[in-house]
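# Descriptive analysis of the structure
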Amino acid sequence: MRKLIRFIFRIVWSFFILSILWVLIYIWFDVPATPLMGIRKLQSEKKYTIEHQWVPLSAISKNLQLAVIYSEDQRFMEHQGFDKKAIEKVILAHKSGKRLRGASTISQQTAKNVFLWGDRSWIRKGLETYFTFLIEFFWSKERILEVYLNSIEMGNGIYGAEKASQFWFHKSALDLNKEEAAAIASILPNPRKYMANPPSQYIQKRKKWILKQMQNHGQLIVPK
C-alpha cells in the first residue's frame, strides 16, 4: 500500500511540475498545434487539411479582438478565468427549466483548446479548471487573447485568425473591418456548421448583435 501511495504521489507531482513547465513554455513560444487539430484529422474519413498560421496579436485587427470578446466573454478583462456572474445566470436558467448552456470564458476555452481534448467528461472539466488557473496566473490577458485567437477553430480545418481571415474574406487578419470581424466571431459556437461568408439568416442576426455590442462598449476592453 505504501508503494502504491508513493507511486501515485510521484505521478501527481510529475504531472504538476510538467504542466507548469508546459504553460511557462507557451509564454515565449508559439503554439504549433492543438490536440483538437490531431483529433479532427484522426476522425476525418477523407483527406483533412489543417490551415494554421500563427501571427502576433499586433497583426490581428482590433475589430476581431473586440468581436470575439463581446461575443464570447464580455468580462474577459475583469475576471480571473471564471465568470461567476455568467455561471450564476446559467444555474438559475437551468433551475427554471431552460436548456443548460455553457458559460466558458476565453481563458477556459484557451486552456481546453491548447492543453486538452474536447469531450464533456468531469475529468476533462477538472483539468480545464486547473489549466485555466495556471494560464491566468502565469500569462497576461494579452497573451491569453493572442493564443486564443491563433488556436481556435474558425472553419472546417481552419485554425486561427490569420487563416480564417484569408479563407472567409481573402485578406489578412490585420485588415478585417468591423463587419467581417463580427461575421467570423458569429460562427465560433459551431465553426464547422456555420459560414461567415455568406452568412445564414441566423449568423446575420448574431453578427448584428455583436456589432451592436462593439458599438456600445467601444475599444477600452482590448489589451494594449
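For the structure itself, consult the block above.
Because the structure is predicted, anything quoted here is derived from the model rather than measured. (Residues numbered from 1 in each chain as written. Predicted model: local features only at pLDDT ≥ 70, side-chain atom pairs only at ≥ 80, totals over all residues. Heavy atoms only, no water.)

## Here we look at the overall build of the protein
Keep this limit in mind: Numbered from the N terminus, helices here are DSSP runs of H or I no shorter than four residues, and strands are runs of E no shorter than two. For each residue, the accessible area found with a 1.4 Å probe, counting protein chains only, is set against the maximum for its type, and the residue is called buried under 20%, exposed over 50%, and partly exposed in between. By definition, residues are in contact when any of their heavy atoms lie within 4.5 Å.
A count of helices and strands for the protein gives ten helices and three strands. Counting from the amino terminus, helix and strand elements in the protein follow one another as α-α-β-α-α-α-α-α-β-β-α-α-α. Counting the 224 residues in the protein, one finds 44% classified as buried. Put simply, 70% of the contacts in the protein that link residues at least 6 apart link residues at least 24 apart.

## Observations concerning a nonpolar patch on the surface
What counts here: Surface patches are defined over residues having more than 30% relative accessible area and no salt bridge, joining like charges when they lie within 9 Å and nonpolar side chains (Val, Leu, Ile, Met, Phe, Trp, Tyr) when within 5 Å. Values of accessible area rely on a 1.4 Å probe in the Shrake-Rupley scheme; residue burial ignores everything except the protein chains shown. What counts as a salt bridge is simple: a side-chain nitrogen of Lys or Arg found within 4 Å of a carboxyl oxygen of Asp or Glu.
A contiguous nonpolar patch, built from Met 1, Leu 4, Ile 5, Phe 7, Ile 8, Ile 11 and Val 12 and spanning about 750 Å² of accessible area, is present on the exposed surface. Considering the arrangement of structural elements, one finds Leu 4 in helix α1 (residues 2-28).

## Re the sheet that holds strand β2 (residues 153-155)
Our working rule: Strands are treated as partners if at least two bridges between them are detected by DSSP.
If you walk across this open sheet you meet the three strands as β1-β3-β2, and the pairing is mixed. In this open sheet, the two edge strands, each paired with only one partner strand, are β1 (51-52) and β2.

## Some remarks on the pattern of salt bridges
A complete count under the given rule lists eight salt bridges for this structure. Two residues, Glu 128 and Arg 124, come together in a salt bridge whose shortest N-O distance is 2.2 Å. Linking Glu 128 with Arg 124, this pair stays in helix α6 (residues 122-138), spanning four residues, or about one helical turn. Assigned by exposure class, Glu 128 and Arg 124 land together as buried. Salt-bridge contacts for Arg 143 lead to Glu 146; the nearest nitrogen and oxygen are separated by 2.5 Å. Taken together, the residues Arg 143 and Glu 146, both in helix α7 (residues 141-151) and three residues apart, mark about one turn of the helix. Residue Arg 143 shares its accessibility class with Glu 146, and that shared class is buried. Here the salt bridges share partners, and the residues they tie into one network are Arg 124, Lys 125 and Glu 128.

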